[in-house]
Amino acid sequence: MEAKNEIITIIGSGIIGKSFAWIFALNGYTIHIFDVDQSQLQKCIDSIKQDLKDIGEKCTDTIRQDLNVIVNDMYIEKIIGRVFAFTDLAKAVNNAFLIQECVPENLELKRKVYKEVDGLMTVKQILSSSTSSLLPSILSKDLKHKKRFIVCHPVNPVDIVPIVEIVPAPWTDLDVIKTMKDLLSGMGKQPIVLIKEVPGFIVNRLQYAILNESYNLVNRGIVSVQDVDKVMSEGLSLRWAFLGPFQIASLNANGWNDYCDKYSKMIKEVSDTFDPPQLYEGKTSDSIFQQLQAIIPIGKLNQAREKLANQMRTLLKLKKQN
Ligand SMILES: NC(=O)c1ccc[n+]([C@@H]2O[C@H](COP(=O)([O-])OP(=O)(O)OC[C@H]3O[C@@H](n4cnc5c(N)ncnc54)[C@H](O)[C@@H]3O)[C@@H](O)[C@H]2O)c1
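As the structure is a prediction and not an experimental result, all values here were calculated from the model.

Calculation rules
- Residues numbered from 1 in each chain as written.
- Predicted model: local features only at pLDDT ≥ 70, side-chain atom pairs only at ≥ 80, totals over all residues.
- Core = buried A, V, L, I, M, F, W, Y, C linked by C-beta atoms within 7 Å.
- Buried ≥ 20, exposed ≤ 12 C-beta atoms within 10 Å, placed from the backbone.
- Helix = DSSP H or I, 4+ residues; strand = E, 2+ residues; numbered from the N terminus.
- Contact = placed C-beta atoms within 7 Å.
- Domains from an automatic or database assignment.
- Pairing = 2+ DSSP bridges.
- Right-handed = clockwise from strand over helix to strand, strands pointing away.
- Axes fitted to C-alpha atoms, helices over the stretch in contact; angles between N-to-C directions.
- Near = placed C-beta within 6 Å.

J.: Can you break down the nonpolar core residue by residue, with the values?
T.: Judged by nonpolar contacts, the single largest core of 53 residues is most densely connected at Ala21, Ala25, Ile31, Ile99 and Ile150. Looking at this core element by element, the count peaks at eight residues for helix 1 (residues 15–26). Apart from the residues lying within four places of it in its own chain, the contact partners of Ile31 are Ile8, Ile10, Ala21, Phe24, Ala25, Arg82, Val83 and Phe84.

Quick look at the structure:
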């Protein structure tokens, strides 16, 4: 994509900051990236180059074409030429329409960063948090520019997964929500806007509901780790890759009302037998670790991540064809 004359500032150049930096740069934006750890900034830029090279070398031709990416050294230099590292926060946020915060998930740290940015930003700029779970109202309540605050929560790997959660605080300006939605849609993402904030938003609430029950089933000695995972990968996820739980319920009967008539009582009875969530520690957690070691040993996690990323790209391509 051709360069746009618009700046996005990224604060924190770790996993998420780096990913946002390169997908925004890929979409033509100029990126100002800031980190308190100066050595991290160069690592981030090197890592963006590596990610782009990986797409060039490791993805199949069809996937590359689908991403509209012809990755050669010239292309990589063109994208990297849009990313500028800053060690001065004031300079980094200057003239950006969006400031995307990507520092570690720690309420006090994030609030400290916002306080600094609040003193530097104008009423036209947007301050957006990548937080996975913290409420925008709590994060922004003391800010002078709190109407310009929003959460934009991506899902890892950020360059592949289309869904992004947009979570406004009760006081967020409507134009901030619209700008974020349009920005993400314009990059081929599938943003959803929460009507009201809730801890963990939607992605992590659903993810944790499944993980908690999976843990509890193993804890009760009902099933192995491998078989719980198989139920998801060889069962539920096949349909969930195309339709969500409400539409699936509808298809599993003659529409939603029929589904409720037939199954609602049974679902309530089964759900009443769920154990409450637990801390993942002790004997069960150790046993899960051991069982996982036999499936994907710690030393092979990177290989497994790469394989999964390619599988996800292939699935997305298939979804687009259907
Ligand atoms: N990793 C994920 O899968 C994921 C997914 C979605 C959202 N998130 C959220 O994104 C945020 C960032 O997570 P991450 O995984 O990229 O973390 P990370 O630890 O990989 O990176 C954080 C970066 O922030 C920098 N930093 C720390 N304090 C700073 C400060 N005061 N000013 C500027 N930079 C500072 C660190 O040096 C580091 O480079 C978190 O809120 C996390 O919950 C993470």
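After that view, the rundown keeps rolling.
J.: An account of the domain arrangement of the protein is requested, with residue identities and associated values reported.
T.: Domains assigned within the protein are domain 1 (7–193) and domain 2 (203–321). Computed over C-alpha atoms, the centres of domain 1 and domain 2 are 29 Å apart.

J.: Can you tell me about the pairing of strand 8 (residues 190–193), naming the residues and giving the values?
T.: Every regular strand shows the same layout, with side chains that alternate between the two sheet faces. In this structure, strand 7 (residues 163–168) lies alongside strand 8, joined through four bridges in parallel fashion. By the bridge assignment, Glu165 is partnered in strand 8 with Ile192. Following the backbone out of strand 7, through helix 8 (residues 174–186) and into the adjacent parallel strand 8, one traces a crossover that is right-handed.

J.: Let's hear about the sheet that holds strand 5 (residues 126–129): which residues, and what values?
T.: With respect to topology, eight strands assemble into an open sheet ordered 3-2-1-4-5-6-7-8, the strand pairing being mixed. Edge positions in the sheet fall to strand 3 (83–86) and strand 8, since each of these pairs with one other strand and no more. Averaged over neighbouring strand pairs, the angle between their axes works out to 25 degrees when direction is ignored. Where strand 4 (residues 96–101) and strand 5 come together, four bridges link them in parallel fashion. Bridge pairing in strand 5 links Glu101 to Ser129.

J.: Kindly report on the site of the ligand, identifying the contributing residues and their values.
T.: Taken together, 24 residues are adjacent to the ligand, and Gly12, Gly14, Ile16, Glu105 and Asn156 come closest. At three residues, the largest contribution of residues to the shell around the ligand is made by helix 1.

J.: Could you give an account of the environment of Ile298, with specific residues and numbers?
T.: Structurally, Ile298 can be placed in the loop between helix 13 (282–295) and helix 14 (301–321). Judged by the 9 C-beta atoms lying within 10 Å of it, Ile298 is exposed. For the pair Ile298 and Glu77, spaced 221 residues apart in the sequence, the C-alpha separation amounts to 34 Å.

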